[in-house]
Amino acid sequence: MAGQAERVVPLTEPLAEDGEKGPSKSALKKAAKEKEKAEKAAKRQAAEEAQKKESESNDISKNDYGELPMDGAWPSAFPSKDEVPRVLLTDLEEYFGDASKMDVEGGPHIVFRASVENARSQSAKLAFLVFSRGGASIQAVVAASDDLSRQMVKFCSSVPAESYVLVHGLVKKPMEPVKSTTIQNLEVHVKKLFVEGKAEAQLPMQVADAERPIPIEGEEETVDGRPIVQLNTRLNNRVIDLRAKHNQAIFAIKDGVVALFEEFLRSKKFRGIQTPRLLGSASEGGANVFKVEYFATKAFLAQSPQLYKQMLVAARFERVFEVGPVFRAENSNTARHLTEFTGLDMEMEFEEDYHEVVSLLEELMLFIFAGLKDRYKRETDLVRSIYHVDDFKLPAKGAVPRLPFSEGIKMLRDAGEEINDFDDLSTPQEKRLGALVLEKYGSDFYVLDEFPLAIRPFYTMPTAATQAKYNPEKPNEGYSNSYDFFMRGQEIMSGAQRIHNAAFLEKRMKEHDTPVDPQGEGLKDYVNAFKAGAPKHAGGGIGLERIVMLWLGLPNVRLASLFPRDPNRLSP
């Protein structure tokens, strides 16, 4: 209406110059509070930093602890080697076995490097740590004094477990033996401590978890109310897992088996060899072989060094051995199978009968067993304290049970097993036969001889009786000059006399149950080697991880492989 005053609607927020509403009173109030809060936090942080700087300036031990630089350079304040001896924890008890070395005022000084097993604060003035290295462990004390600050005590007590440290300390006698460490009658009073490699505070598993046995099928999966870390978790975190003392012992023993194998064979005039693992054809025939791309063609990963061992005997090497990887494309997820393992292989000429080689192999295995018993008793006892197993029962030298395959079949039948004359043994049957041999002969180690020809590789020599009864309609019938070695009822080695006549070898390759072409790529060179004349020879291949597993009574062969490979595992 004309002349009537316009109705004015009051605004709660004034319009900005661009016509937009400005912030509300509540928003302005909130922003002011946040600003005030930020200012207080900044002041508090500044005060804390000032206090920290003042504390550091008053820290009498500020040069005696901390984290080493990335290049690992030792702190300048550290004593030289001439001033203070560098020692290994494993040598500490022996080093101070001479009581006169303890007669130093304040205790003798030492410098060492180790990992922190655990660290705990007793008070603001006192902390205890446990250092470990090489299977040895020792308690350490960090105590505040006129020469050692509380700040250093706090730092040492907060070092994460598994961190690697450099330590300078005094060796002293504890008031009473320390039962929780391997070195019980000595302890270290820390003077300087620097972290060389700091572990994260939260790790996916602890070494203490790895120190306990994996659960066997059917057993409880807890110990003292604590869940047992499963095998897959351990293998996924293998670096931490391998720090466990018994795992260190397992691989010391594994290395020992290799050393004993080589020591014995070298003493018998064997020569070490290194053969290819990439082949133009499957060395054993059959389907259990990995195929790989090889430029414009295909190659195969070696199932064994078999062909090359024989070719080198034909090349007049006479006696050879090799330690190397073996690949088997068997989709088997059992506790005793790996797709990659370490083979201990040997091949040699013989004079009259292939049993000369069997006897030498028996002697080899007894040498390895005796060496493990004598040289690796501490490691063996440590592992068996976790995985409880009966002592490995050994026969006297020259008394290894050596049974014809047919006798093994008879023993199984007498025990109630249903099995045909030429059937291969199943895993349960192998274990059953091992128990029967142990009961009859008192030995966990035995040899099964003269296996059926049909279940052995194409290069296996048939027995003389089988050759005499040769039937072209059934060319794979009969027995062979082949043998397997067993520990605790499980196969650890397979071997045989090999065919050394080129014409007969070609014949057997063609008529085998899984025939191969003698002139095929990758095989013709092998056959041609025998056309140049070759001596009678035999040999065998031993599974290294199997020996370790069965000697120690491990429930799974993967525990005897640093980074195991099976159908479901390609990492780490």
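Predicted, not measured: the structure shown is a model, and the values here were computed from it.

Caption draft 1: Region of the structure containing the packing of aromatic side chains. Scanning the entire structure with this criterion turns up 21 aromatic pairs. Judged by centre distance (5.9 Å) and plane angle (65°), the ring pair of Phe78 and Phe194 falls under edge-to-face. Placement of Phe78 in the loop between β1 (65-67) and α2 (92-95) and of Phe194 in strand β6 (residues 187-197) is noted, with a sequence separation of 116 residues between them. What makes Phe78 buried here is its relative accessible area of 8%. For Phe194, a relative accessible area of 6% translates into the label buried. For the ring pair Tyr483 and Phe485, a centre distance of 6.3 Å and an interplane angle of 55° mean the geometry is tilted.

Caption draft 2: Unusual backbone geometry, seen in detail. Here Ser571 and Pro572 are connected by a cis peptide whose omega angle stands at -5°. Within the chain, Glu162 stands out as a residue other than glycine whose phi angle is a positive 80°. Summarising the element assignment, Glu162 is placed in the loop between α3 (150-157) and β5 (164-172). A relative accessible area of 12% places Glu162 in the buried class. Phi at Arg488 is positive, roughly 50°, even though this residue is not glycine. If you trace the backbone, Arg488 turns up in the loop between β17 (482-487) and β18 (490-497).

Caption draft 3: Region of interest: the side chain of Asn481. Counting through the fold element by element, Asn481 comes out in the loop between α13 (464-468) and β17. Residue classification places Asn481 among the buried positions, given a relative accessible area of 10%. Setting aside chain neighbours within four positions, we find Asn481 in contact with Tyr354, Met461, Pro462, Thr463, Ala496 and Gln497.

Caption draft 4: Structural view of helix α10 (residues 377-384). Buried within α10 are the following residues: Glu379, Thr380, Val383 and Arg384. All buried residues of α10 project into a common sector of 125° when viewed along the axis, lining one side. Summarising the contacts, the buried residues of α10 are in contact with α7 (245-267), α9 (355-375) and α16 (544-552).

Caption draft 5: Region of the structure containing the nonpolar core. Residues Met346, Met365, Tyr483, Phe485 and Leu554 are the most contacted members of the largest nonpolar core, which totals 60 residues. Leaving out residues up to four positions away in the same chain, Leu554 has contacts with Ile250, Val383, Tyr387, Val548, Met549, Leu559 and Ala560. Leu92, Ala136, Val159 and Val171 belong to the second largest nonpolar core, which has 31 residues in total.

Caption draft 6: Layout of the sheet that holds strand β16 (residues 445-449). On the basis of which strands lie adjacent, the open sheet formed by eight strands has the order β9-β13-β14-β19-β18-β17-β16-β15 and mixed pairing. Each edge of the open sheet carries a strand with a single partner, namely β9 (271-272) and β15 (402-404). Packing against the sheet, α9 makes contact with β13 (319-327), β14 (340-349), β15, β16, β17, β18 and β19 (537-543), and its axis sits at approximately 15° to β17. Seen against the sheet, helix α12 (residues 427-441) touches β15, β16, β17 and β18 and runs at an angle of roughly 115° to β16.

What counts and how
Residues numbered from 1 in each chain as written. Predicted model: local features only at pLDDT ≥ 70, side-chain atom pairs only at ≥ 80, totals over all residues. Heavy atoms only, no water. Phe/Tyr/Trp six-rings, centres within 6.5 Å; stacked < 30°, edge-to-face > 60°. Helix = DSSP H or I, 4+ residues; strand = E, 2+ residues; numbered from the N terminus. Buried < 20%, exposed > 50% of the residue type's maximum accessible area, 1.4 Å probe, protein only. Contact = heavy atoms within 4.5 Å. Arc of directions from axis to C-beta. Core = buried A, V, L, I, M, F, W, Y, C linked by side-chain atoms within 4.5 Å. Pairing = 2+ DSSP bridges. Axes fitted to C-alpha atoms, helices over the stretch in contact; angles between N-to-C directions.

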